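Chains, contacts and geometry: an overview
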Amino acid sequence: MTPPNDKVAIVTGASRGIGAAVADRLARDGYTVIVNYAGNAAAAEKVVGAIEAWGGRALAAQADVSAPQAVAAMFDKVEAAFGGVDVVVNNAGVMTLAPLAEATDDAFDRQFAINVKGTFNVMREAARRLRPGGSVVNFSSSVIGLRMESYALYAATKAAVEAMTAVMAKEMRGRAIRVNAVAPGPVATELFLDGKSPELINRLAGLNPMERLGTPEDIANIVSLLVGPDGVWVNGQVLRANGGMV
Ligand code: NAP
């Protein structure tokens with residue numbers, strides 16, 4: 001564990017899954033971590049409690065990332081409490097799978113509202129407010145490389161995230177702020193596991209030569225690298241973290 005520093009990290013969608021592991025890891029790296037969530041306050045408080053239990057610093061903050069005012073209010077609250085924001089991890093996301101012929105308007109609107117507009121809302125506040133030396137990590141997905149059936153809408157949202165990542169990196173010129181994305185392969189979280197048979201899960205786990213699913217900690221380690229001192233020369237990139245699947 002690294003001793004606490006004066007840096008502050010917001011992790012969106014940190015009440016469970018990958019975001020919860022990222023929050024814990026960045027707290028261990030010394031950051032004060034804001035554990036953002038949409039509706040699951042109890043789960044977010046549990047993540048905060050677990051971090052505080054080993055001596056880390058964390059605070060839960062409700063904000064639906066798809067709502068611009070809620071995102072701005074969360075940044076206001078964090079700046080008032082801690083003096084600024086250094087790291088933003090745009091992890092909140094949703095996935096609904098269906099072949100295009102069966103995809104609903106609701107599924108399209110919800111995925112674009114949270115994955116694209118939500119990421120944009122948070123990136124806009126980050127672009128306005130991050131302190132020099134800061135860093136943004138967005139969340140894409142390795143399905144962009146795989147192009148599997150039923151993933152069209154979800155992959156389209158992540159393609160938009162990758163495009164915004166590269167552009168924002170250039171727009172931060174002169175401010176020493178880096179913007180990257182991580183693109184996980186299958187990771188054992190509710191988002192991936194829900195609605196899949198054990199056979200399908202096994203098949204997808206076998207697509208990479210390591211022959212297992214990723215863990216939230218595998219991805220949290222990558223985020224830690226990207227925002228930390230060993231990642232300073234990585235900027236505007238998408239890092240696929242999938243055990244070699246694609
Ligand atoms: P997850 O287990 O389903 O957790 C999703 C998190 O996002 C929860 O904390 C949830 O909060 C939050 N969230 C959902 N909608 C939100 C909103 N409108 N505003 C704020 N927070 C919201 O998902 P995950 O698997 O950890 O996925 C994390 C990220 O990794 C996503 O961007 C996903 O697309 C990406 N990813 C995942 C995989 C995978 O295989 N798991 C692979 C590639 C990429 P509540 O608990 O309050 O609902």
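See the structure printed just above.
The paragraphs below set out a description of the structure included in this document. Everything quoted here is computed from the prediction, not taken from an experiment.

**Focus on the overall build of the chain**
A count of helices and strands for the chain gives nine helices and seven strands. Rg of the C-alpha trace for the chain: 17 Å, near the compact-globule value of 18 Å for 246 residues, within the 12% margin. Counting every position in the chain, which comprises 246 residues, the buried fraction comes to 50%. Of the contacts made within the chain by residues no fewer than 6 positions apart, 75% connect residues no fewer than 24 positions apart. Of the accessible surface of the chain, which amounts to about 11300 Å², a share of 55% is contributed by carbon and sulfur atoms. Charge centroids of the chain, computed over 23 positive and 24 negative side chains, lie 6 Å from each other.

**Focus on the environment of Ala42**
Tracing the backbone through its elements, the reader meets Ala42 in helix 2 (residues 41–53). For the pair Ala42 and Ala113, spaced 71 residues apart in sequence, the C-alpha to C-alpha distance is 24 Å.

**Overview of the sheet that holds strand 4 (residues 87–90)**
Taking strand neighbours across the sheet as the criterion, the seven strands line up as 3-2-1-4-5-6-7 in an open arrangement whose pairing is parallel. Both outer strands of the open sheet, strand 3 (57–62) and strand 7 (238–241), are each paired with one neighbouring strand and no more. Each adjacent strand pair in this sheet contributes to an overall mean axis angle of 20 degrees, direction not counted. Pairing analysis gives six bridges linking strand 2 (residues 32–37) to strand 3, with the strands arranged parallel. Note that in strand 3 the partner of Asn36 across the bridge is Ala61. Sitting on the sheet, helix 4 (residues 105–129) is in contact with strand 4 and strand 5 (135–139), with an inclination near 170 degrees to strand 4. On the sheet, helix 9 (residues 216–227) packs against strand 4, strand 5, strand 6 (178–184) and strand 7 and is oriented at approximately 165 degrees with respect to strand 6.

**As for helix 6 (residues 152–171)**
The first and last C-alpha atoms of helix 6 sit 29 Å apart over 20 residues, in line with the 28 Å expected at 1.5 Å per residue. Buried residues of helix 6: Leu153, Tyr154, Ala155, Thr157, Lys158, Val161, Glu162, Thr165, Met168 and Ala169, and no others. In this structure, the buried side of helix 6 is in contact with helix 4, strand 5, helix 5 (143–146), strand 6, helix 7 (190–193) and strand 7.

**What about the packing of aromatic side chains?**
Inspection of the entire model under this criterion finds two aromatic pairs. Ring centres of Phe108 and Phe112 lie 4.3 Å apart, and the angle between their planes is 15 degrees; on these two criteria the pair is classed as stacked. Note that Phe108 and Phe112 are positioned in helix 4 at a spacing of four residues, about one turn of the helix. Given a relative accessible area of 37%, Phe108 falls into the partly exposed group. With relative accessibility at 23%, the residue Phe112 sits in the partly exposed group. Its guanidinium or amino end placed over the ring of Trp54, Arg28 lies 4.3 Å from that ring's centre, counting from NZ or CZ.

**Some words on the packing of helix 4 against helix 6**
Axes are the key here: two packed helices are described by the angle between their axes and the distance separating the axes. At a minimum axis separation of 9 Å, helix 4 and helix 6 run at an interaxial angle of 15 degrees. Between helix 4 and helix 6, the angle is such that the two are roughly parallel. Judged by the sense of rotation from one axis to the other, the crossing of helix 4 with helix 6 is right-handed. Where helix 4 abuts helix 6, its residues Ala107, Phe108, Gln111, Phe112, Asn115, Val116, Thr119, Phe120, Met123, Ala126 and Ala127 lie against Leu153, Tyr154, Ala156, Thr157, Lys158, Ala160, Val161, Met164, Thr165 and Met168. Residues belonging to the contact of helix 4 with helix 6 are distributed by class as follows: 15 nonpolar, five polar and one charged.

**Looking at the side chain of Asn138**
Looking at the secondary structure, you find Asn138 in strand 5. Among the polar contacts made by the side chain of Asn138, one reaches the side chain of Asn90 at a distance of 2.9 Å. Other than its neighbours up to four places away in sequence, Asn138 contacts Asn90, Thr119, Met123, Val161, Thr165, Val179, Asn180, Ala181 and Val182.

**As for the site of the ligand**
Taken together, 31 residues lie near the ligand, and Ser15, Arg16, Asn91, Tyr154 and Thr189 sit nearest. One of the side-chain N or O atoms of Asp64 is found 2.8 Å from a nitrogen atom in the ligand. Within the contact set of the ligand, an oxygen atom lies 2.4 Å away from a side-chain nitrogen or oxygen of Thr189. In isolation the ligand offers 910 Å² of accessible surface; the protein chains occlude 94% of this area. Of all the secondary-structure elements, those providing two or more residues to the shell around the ligand are helix 1 (17–28), strand 2, helix 6 and helix 7. Sorting elements by how many residues they give to the shell around the ligand places helix 7 first, with three residues. Broken down by class, the residue content of the shell around the ligand amounts to 15 nonpolar, twelve polar and four charged.

Reading guide: rules and limits
- Residues numbered from 1 in each chain as written.
- Predicted model: local features only at pLDDT ≥ 70, side-chain atom pairs only at ≥ 80, totals over all residues.
- Heavy atoms only, no water.
- Helix = DSSP H or I, 4+ residues; strand = E, 2+ residues; numbered from the N terminus.
- Rg over C-alpha atoms; globule rule 2.2 N^0.38 Å.
- Buried < 20%, exposed > 50% of the residue type's maximum accessible area, 1.4 Å probe, protein only.
- Contact = heavy atoms within 4.5 Å.
- Areas by Shrake-Rupley, 256 points an atom, 1.4 Å probe, with all protein chains shown as cover.
- Lys, Arg positive; Asp, Glu negative; His and termini not counted.
- Charge placed at Lys NZ, Arg CZ, Asp CG, Glu CD.
- Pairing = 2+ DSSP bridges.
- Axes fitted to C-alpha atoms, helices over the stretch in contact; angles between N-to-C directions.
- Expected span 1.5 Å × (residues − 1).
- Phe/Tyr/Trp six-rings, centres within 6.5 Å; stacked < 30°, edge-to-face > 60°.
- Lys NZ or Arg CZ within 6 Å of the ring centre and 35° of its normal.
- Parallel < 35°, antiparallel > 145°, perpendicular 65-115°, else oblique.
- Left-handed = near helix turned anticlockwise from the far one by under 90°.
- Nonpolar A, V, L, I, M, F, W, Y, C, P; charged D, E, K, R; others polar.
- Polar contact = N/O pair within 3.5 Å; in protein donor to acceptor, adjacent residues only side chain to side chain.
- Near = heavy atom within 4 Å.

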